[in-house]
Amino acid sequence: MDSEVGPLRTVLLHRPGAELKRLTPRNNDQLLFDGVPWVDRAQEEHDAFAGVLTSRGVEVLLLADVLVQALEDNRARIAGIHSAVNERRLGIDLADALRSHLTSLDAPQLATVLMTGMTFEELPAAEGASLVRKMHHPIDFAVDPLPNLLFTRDSSVWVGDRVAITSLALPARDRETTLTDLIYAYHPRFRQTARAYGAHSAPLEGGDVLLLAPGVIAIGVGERTTPAGAESFARSALSDGLAHTVLAVPIAQERATMHLDTVCTMVDRDAVVMYPAIRNNLSAFPLKSDGNGGVTVAGPVPFLDAAAEAMGIERLRVIDTGLDPVTAEREQWDDGNNTLAVGPGLVVAYERNVETNERLEAAGVEVLRISGSELGSGRGGPRCMSCPIDRAPLV
């Protein structure tokens, strides 16, 4: 896969599940949601999203299904259980009891616990007294839920025919990459897939990675991806021949702009939808191979100029979010920039971003509208909720 807009063939989604029912006003901030979603409606909206993709010939894989299939391999079970049991928090005795219980579960049951978590009152009965049990509230989490699994974009990125397992920045998402990693390692469909990026030491999230064109990658650096994470990924992509230019793009370190794809996404071969407030001051540091196993770092230079030069085009067309500064700010917050390209000039977008969608259509981009009143409570749009696995090459 070498672009953001090549005809989409296969995508990985996660249908919202019981993990969202773990969210309460007490914990939703900690678990990175801005509200408590109506789960049944979120599922209906997600089913409609998946339906739009399948109607366009896209193969939709659901994370829960491929996780269960991967967990049929005992090595995957061991990895999943190891990630779920926090011995430092539970203590040796309770951790041993939890491991024993999880080992007894079949693959669907284990997958459910790994995704939805487990409270202390749900823990299996253990022999003897436990101070850890007594000093935790029954509805405290012994195994944390993973409500952000909904955003499959972040934990893995495909470049060419390789997959990169990323390193998520915030504690609430630590275990997501473990589940993604074991899926790619042990699911029969993916176990032969080569890895594009082996280092997990520095934060890098897939929402910050944009494949602008064959050989050209942009990486946002901000709240979730650090300069070290961007450089590590860039060095790997350049040395493996997956890119000839990587643009490191600084973005504001705040909730509204948590990833590069919250302010800018590709909607056609030569066009982006972009938040106008950052259009003229978005910069980039171009990284290229020095021919001796190292990299050169230039810049900062204007992002739009650097992108066009690297892509080999005269200029990158920019379609602004909204119609005026207030509308633009509202629709950027509601993921107006966070579109998923199904093909060149064909994108999925939230229907509520009326003005942005109209601007896209006026620029010749077809918009497939979906509802996101509940899906959007975690601050993510169609691109955030999808991990493209295979796209046809651009011709």
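Quantities reported herein were computed from a predicted structural model and do not represent experimental measurements.

How each quantity is defined
- Residues numbered from 1 in each chain as written.
- Predicted model: local features only at pLDDT ≥ 70, side-chain atom pairs only at ≥ 80, totals over all residues.
- Heavy atoms only, no water.
- Phe/Tyr/Trp six-rings, centres within 6.5 Å; stacked < 30°, edge-to-face > 60°.
- Helix = DSSP H or I, 4+ residues; strand = E, 2+ residues; numbered from the N terminus.
- Buried < 20%, exposed > 50% of the residue type's maximum accessible area, 1.4 Å probe, protein only.
- Lys NZ or Arg CZ within 6 Å of the ring centre and 35° of its normal.
- UniProt positions renumbered as here; feature names shortened; annotations may be inferred.
- Contact = heavy atoms within 4.5 Å.

Q: Mind showing me how you'd approach the packing of aromatic side chains here?
A: Note on aromatic pairs: each is described by the distance of the centres and the angle between the planes. All chains considered together, the criterion is met by three aromatic pairs. Both rings, one in Trp158 and one in Tyr184, keep their centres 5.7 Å apart while their planes meet at 75°; by these two values the pair is edge-to-face. Linking Trp158 in strand β5 (residues 156-159) with Tyr184 in helix α8 (residues 174-186), this pair joins segments that are 26 residues apart in sequence. Residue Tyr184 is classed as buried on the basis of its relative accessible area of 2%. Aromatic pair Tyr184 and Phe190: ring centres 5.3 Å apart, planes at 75°, arrangement edge-to-face. One exposure class covers both Tyr184 and Phe190, and it is buried. Taken together, the ring pairs in this structure connect Trp158, Tyr184 and Phe190 into an aromatic cluster. For Arg352, the ring lying beneath its charged end belongs to Tyr350, and the centroid distance is 5.1 Å.

Q: In this structure, what is going on with the UniProt feature "active site" (unreviewed entry) in the protein? I would like to understand it.
A: UniProt feature "active site" (unreviewed entry): in the numbering of this structure it lies at Cys384. Assignment of secondary structure puts Cys384 in the loop between β19 (366-370) and β20 (387-391). Residue class for Cys384 comes out buried when judged on its relative accessible area of 4%. Those residues in contact with Cys384 that sit more than four places away from it in its chain are Leu150, Phe151, Thr152, Arg153, Asp261 and Asn338.

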